[in-house]
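Chain by chain, the residues:
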Amino acid sequence: MKITTLTKLNALKLPRLVLLLFAVLSVTTNFAQSRNAQIDLELQQLVRKQQLSEDQAKNYVITSQHTSSTSGIEHIYFNQTLNGLRIIGTESSIHLYNGKKLKFNENLISGRALSTAGSSSPSISAENAIRAIARNMGYRTSNLQEKERIGGVNQETIFNTGGISKKDIPAKLAYQINENNEVELAWEISIEDINSSEDWWVFAVNAANGSIINKYNLFNNCNILDEHNDLFHSGVPSKINSETTEKI
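Residues numbered from 1 in each chain as written. Predicted model: local features only at pLDDT ≥ 70, side-chain atom pairs only at ≥ 80, totals over all residues. Heavy atoms only, no water.

Asker: Which residues make up the pairing of strand β2 (residues 74-82), and what values do they have?
Answerer: Of all nine residues in β2, nine are buried, a share of seventy percent or more. In β2, alternate side chains face the same way, and those of E74, I76, F78, Q80 and L82 on one face and H75, Y77, N79 and T81 on the other are all buried. By the bridge criterion, seven bridges tie strand β1 (residues 60-67) to β2 in an arrangement that is antiparallel. Each bridged residue has a counterpart across the sheet, and for Y60 the counterpart in β2 is Q80. Joining the antiparallel neighbours β1 and β2 is a turn of six residues, in which G72 adopts a positive phi near 80°. Summarising the sheet, β2 and strand β4 (residues 92-97) pair through five bridges and their orientation is antiparallel. (Buried < 20%, exposed > 50% of the residue type's maximum accessible area, 1.4 Å probe, protein only. Helix = DSSP H or I, 4+ residues; strand = E, 2+ residues; numbered from the N terminus. Pairing = 2+ DSSP bridges.)

Written out as structure tokens, the structure is:
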């Protein structure tokens, strides 16, 4: 009898739990949409000023977001995309307090620069891009092997340390703005130098010929308060020779 009673009570509670879960998911979804809506609003203003086309304003990806525990300011970082790939060098951000905009920083490109982008298919593999880095940087790889192929439009792949990195080496396709303000397909590769305590490099390697288009050091560019829970720190400004950091 007791078991039957408990079963009935649990049966009554189950729909309430389902409704509660649905409500939580709805709030989470609406919250995420509001973040995108804030960015969309700013980008549409650029469209009205004819600085971006409608299509360009729709192509972006949020790379990271967090709310400061001290100021309560929400920081949202995003990049422009092309052919489904992130464009390194277009790092932009919006900063909100209680849902209201404090500051909007955009570093987007349009027109001629976008028209310079070639194929979204690489001519060299991610492994060969890592080996090209090793040759250019004077590293000696040892037993470099692919550990996991995540795939997707950016062909993301994880390699072992290869004897040159303290952590596994991630590689994925992206576009990189070069010093001539042209867009080149690149392998974005992160290597924490095994022989240094101060060098954690992110390289953009030309996916056609293996040359290094750009590199920056996470230890020099990162906000020390940021959480490094991503193999790539995609919120870090990464234009050629950029030392810009966000301070709000």
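Here the narrative resumes, following the displayed structure.
Asker: Go over the environment of F219 with me, naming the residues and quoting the values.
Answerer: Examined against the element boundaries, F219 turns out to sit in helix α5 (residues 218-221). By relative accessible area, which is 41% here, F219 ends up partly exposed. In this view, F219 contacts E192, S197, E198, D199 and W200; residues no more than four positions away in its chain are not counted. (Contact = heavy atoms within 4.5 Å.)

Asker: Can you break down the pattern of salt bridges residue by residue, with the values?
Answerer: Opposite charge on two side chains allows them to pair when their charged atoms are near. A complete count under the given rule lists seven salt bridges for this structure. Salt-bridge contacts for E146 lead to R149; the nearest nitrogen and oxygen are separated by 2.9 Å. Looking at E146, the relative accessible area reads 37%, which means it is partly exposed. Residue class for R149 comes out exposed when judged on its relative accessible area of 62%. (Salt bridge = Lys/Arg side-chain N within 4 Å of Asp/Glu carboxyl O.)

Asker: Which residues make up the side chain of E192, and what are the values?
Answerer: With respect to the element layout, E192 can be found in strand β9 (residues 183-192). Separated by 2.9 Å, the side chains of E192 and K167 make a polar contact. With sequence-adjacent residues up to four places away left out, E192 is seen in contact with I164, S165, K166, K167, D199, W200 and F219. (Polar contact = N/O pair within 3.5 Å; in protein donor to acceptor, adjacent residues only side chain to side chain.)

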